[in-house]
Amino acid sequence: MDLNSSEEGGTRDQMKEAIRNQVEFYFSESNLRKDRWLNKKTNEDPEGYVSLSEMVESFHKLRSISVDLELIKEAVLESQLVSLNSPQGDKIKRTIPLNLSEDQCSIDNRTIYVEHIPVDSTHESLKEYFEEGGRIAYVSLPKFPSREIKGYAFIEYENELDAKNSISRFNLWDLEKAPNQLRVLSKEQWLKYKSEYRRFLNNNRVKFNIQYKHPQQHKESNNTQQSNKQRNDKTKTKPNQKENEGKKEQKENNNAKKKEKEVNNEREKIVRIMGIKEGFTRKMLREIIEDQFPVSKIFFKDSSSQAEIYVNLPKEAEDLVNARDNYAAQLGESIKMYVLQGEEENIYFSNRKPVAHPRNETISSAPTAKKAKHMSFE
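Predicted, not measured: the structure shown is a model, and the values here were computed from it.

Comments concerning the sheet that holds strand β7 (residues 183-186)
- Overall, antiparallel pairing links the 4 strands, which are arranged β5-β6-β4-β7 in an open sheet. What marks the edges here is a single partner per strand, and that holds for β5 (136-140) and β7. Between one strand and the next, the sheet's axes are offset by a mean angle of 20°, whatever the strand orientation.
- Where strand β4 (residues 111-115) lies against β7, 4 bridges are found, and the strand directions are antiparallel. If you follow Glu115 over to β7, its bridge partner there is Arg183.
- Helix α8 (residues 123-130) rests against β4, β5 and β6 (152-157) of the sheet, and its axis sits at about 140° to β5.

This is the structure we're talking about:
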């Protein structure tokens, strides 16, 4: 027996399996719903084919496995989900038609939210761990621009029952006994938490602005009689008194500007995106941005080329702008992103109408803690 040949064959078979699994993931229903670039490419071709060389260039994960097009072709030929345009072809497509009848609500019902995951978690490690609860269709692992994970993930199962059973199976969290352990919620429950958190931020921001929005006006209303008396006696005031009053007025104006600046720092920050390519809806844009950043609101008209993204903190706004290259492939290579500041920001806010907050929703308690196996989530 030729041991070297056996080892090389085994390694080649393992690489082909890894390539096939990765390519089938790209063309899976769950990923195609979210991958705008791949959707665009499949729609550009009358038969839905995508260039293999373009896929290797665009997808880092596939490129990390192999850049050998011949090996990738061999792997694709063994797949039941995708096929080449010919045995020696250079294009690939999904052979099984997509199920376009399933709505977002149904997808959410078979998706769970998990937090307090290990800092070195990957798509593969999460899939391996949670696959004990059933077949997994998709793993979303949000990351910061630095590529560090945010500490939470979304696991989409192939059926709703497996998702529901996985909540009680994997949850280790308890507010009093195990506050830092793995926490598992349904996506529906997570959306309620998220909605309430945003409501909390907006309500507190409104209270702050009501208290300090017009500090100079508030000060004058508390000293109306004194101000009126000073205005009536203005012609009788001595020169040095006029000078003192001028300094006092200037000091009050400076204090007012300072408080207005504090209000500006507290209110939401706006990131404007310009040059968005055609075909996007507000929902699509929110999904792309929220995959990496917490978004408060989005103002965007479907198929428009400009959007305003509301974030809660100045640092988040700066991070979003710095992540421009991460979104260029999906939103358009010519997009421009910047934070509204100064007069432009003030004009924008003065032209916006107040947004009504959604009604309050009750939030049930999290499931009780249970013990997990294999993977450490401490």
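Past the structure itself, the notes keep going.
Section: the confidence of the model for the chain
- The share of residues in the chain with pLDDT of 70 or more is 72%, and the mean pLDDT across the chain is 77.
- Confidence, read as mean pLDDT per element, is least for helix α11 (residues 215-222) in the chain (48) and greatest for β4 (95).
- In the predicted structure, residues 210-220 sits below a pLDDT of 50 and forms 9 contacts with residues beyond four places in sequence or in another chain.
- Contacts for the low-pLDDT stretch residues 355-374, under 50 throughout, to residues beyond four places or in other chains number 45 contacts.

Things to note about the packing of aromatic side chains
- Evaluation of the coordinates by the stated rule reveals 16 aromatic pairs.
- An angle of 90° between the planes, with centres 5.4 Å apart, marks the rings of Trp37 and Phe59 as edge-to-face. Of this pair, Trp37 sits in helix α3 (residues 36-44) while Phe59 sits in the loop between α4 (52-58) and α5 (60-65); the two residues are 22 residues apart in sequence, bridging distant segments of the chain.
- Measuring from centroid to centroid gives 6.2 Å for Tyr310 and Tyr348, while their planes differ by 55°, and the two rings are tilted. Note that Tyr310 is positioned in strand β10 (residues 306-311) and Tyr348 in helix α17 (residues 342-351), a separation of 38 residues in sequence.
- Assessed through its relative accessible area of 3%, Tyr310 is described here as buried.
- By relative accessible area, which is 10% here, Tyr348 ends up buried.

Thoughts on the pattern of salt bridges
- Counted by the stated rule, this structure contains 23 salt bridges.
- With its nearest N and O atoms 3.0 Å apart, the salt bridge here joins Lys16 to Glu78. Taken together, the positions of Lys16 in helix α1 (residues 3-26) and Glu78 in the loop between α6 (69-77) and β2 (82-84) put the pair 62 residues apart, joining distant regions of the chain.
- Classification of Lys16 as buried rests on a relative accessible area of 10%.

Some thoughts on the sheet that holds strand β8 (residues 269-274)
- Pairing is antiparallel across the open sheet formed by 4 strands, whose spatial order is β9-β10-β8-β11. One side of each edge strand has no neighbouring strand; the edge strands of this open sheet are β9 (297-299) and β11 (336-339). Taking the axes of each pair of neighbouring strands and ignoring which way they run, one obtains an average angle of 20° across the sheet.
- Pairing between β8 and β11: 4 bridges, direction antiparallel. Within β11, the position partnered with Ile273 by the bridge is Met337.
- Contacting β8, β9 and β10, helix α14 (residues 282-290) runs over the sheet at an angle of about 135° to β9.
- With respect to the sheet, helix α15 (residues 314-322) is in contact with β8, β10 and β11, its orientation differing from that of β11 by roughly 165°.

Overview of unusual backbone geometry
- Even without a glycine there, the phi angle at His116 is positive, about 65°.
- For His116, the location among the structural elements is in the loop between β4 and α8.
- Here His116 falls in the partly exposed class, since its relative accessible area comes to 28%.

Thresholds applied
- Residues numbered from 1 in each chain as written.
- Predicted model: local features only at pLDDT ≥ 70, side-chain atom pairs only at ≥ 80, totals over all residues.
- Heavy atoms only, no water.
- Pairing = 2+ DSSP bridges.
- Helix = DSSP H or I, 4+ residues; strand = E, 2+ residues; numbered from the N terminus.
- Axes fitted to C-alpha atoms, helices over the stretch in contact; angles between N-to-C directions.
- Contact = heavy atoms within 4.5 Å.
- pLDDT = per-residue confidence, 0-100.
- Phe/Tyr/Trp six-rings, centres within 6.5 Å; stacked < 30°, edge-to-face > 60°.
- Buried < 20%, exposed > 50% of the residue type's maximum accessible area, 1.4 Å probe, protein only.
- Salt bridge = Lys/Arg side-chain N within 4 Å of Asp/Glu carboxyl O.

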